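A look at the structure
The residues making up each chain are set out below.
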Amino acid sequence: MDEQTSTDALLTMVVDYVMPVLPPYETSIYLYLLRRSHLDGSPTVRVGKRTIGEGLGKGTRSTRGNYQHISEKLENLERAGFIAVGDADRRGTLYTVRLPAEVSSVRERMIGASGEERRGDYYRDPELRVHLFERDSWLCRYCGESLTKEEATLDHIVPVARDGGDEPDNLATCCLMCNSIKSGRTYEEAAPQLLATVRARRMRTCG
């Protein structure tokens, strides 16, 4: 879990945004996995269904005496994007647990609650920035390079110095190099240098 995401903030996100999205029992399983992954310092946890059932307590075991219903709830969580199910061994199944803000249905509720029109949110708020990166398919608007979370930046299409705002329509996913080249200029002003840099990078790649 990101160091800036406190336990209190995580709990608030679960109560305010996850619980309205998930049925109660699936919420319980998600919380169980979240506690044993991110809150223990790792995005993953390896655990068996029986252990999950025992951890959740009474009412977990089905009338057939197995944990098939837990399997069904885990499948639902995976389909909803809360977890990714990995390999299984004698210690259990490996689950990658996503933080609430990384789940699209939760993030949409967070964006709606925060007020999309507030100036500055999309440029400064980490979760809202990711929303714009996904909108742009994690591609630099100017050179087309595929970017990672660590590489992606946001560029003001109309520069701030020319009264460009922080609304989503004026923000574009951009690599650090193109962002540095464009700086406080419009695209039309920076285009010759941007295009020359793109050509040079492609020549180096091809060469």
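None of these values were measured; they are calculated from a predicted model.

**Considerations on the pattern of salt bridges**
The full count for this structure, using the stated rule, is 10 salt bridges. A salt bridge links Arg50 to Glu54; the shortest N-O distance between them is 3.3 Å. With Arg50 and Glu54 both in helix α3 (residues 49-56), this residue pair falls 4 residues apart, about one helical turn. Several salt bridges share partner residues, and in doing so they unite Arg46, Asp87, Asp89 and Arg91 into one network.

**A look at the packing of aromatic side chains**
Scanning the model with the defined rule gives 3 aromatic pairs in all. Judged by centre distance (5.0 Å) and plane angle (70°), the ring pair of Tyr30 and Phe82 falls under edge-to-face. Highlighted residues: Tyr30 in helix α2 (residues 24-35) and Phe82 in the loop between α4 (68-79) and β2 (83-89), separated in sequence by 52 residues. Look at Tyr30 and you get buried, because its relative accessible area is 0%. Look at Phe82 and you get buried, because its relative accessible area is 0%. Seen from their ring centres, Tyr142 and Tyr187 are 5.6 Å apart, and the 10° between their planes marks the pair as stacked. With Tyr142 in the loop between α7 (126-135) and β4 (153-156) and Tyr187 in helix α9 (residues 187-206), the pair connects residues that are 45 residues apart, well separated along the chain. Note on Tyr142: relative accessible area 14%, which makes it buried.

So, how was this worked out
- Residues numbered from 1 in each chain as written.
- Predicted model: local features only at pLDDT ≥ 70, side-chain atom pairs only at ≥ 80, totals over all residues.
- Heavy atoms only, no water.
- Salt bridge = Lys/Arg side-chain N within 4 Å of Asp/Glu carboxyl O.
- Helix = DSSP H or I, 4+ residues; strand = E, 2+ residues; numbered from the N terminus.
- Phe/Tyr/Trp six-rings, centres within 6.5 Å; stacked < 30°, edge-to-face > 60°.
- Buried < 20%, exposed > 50% of the residue type's maximum accessible area, 1.4 Å probe, protein only.

None of the figures reported here should be taken as evidence of function without further support.
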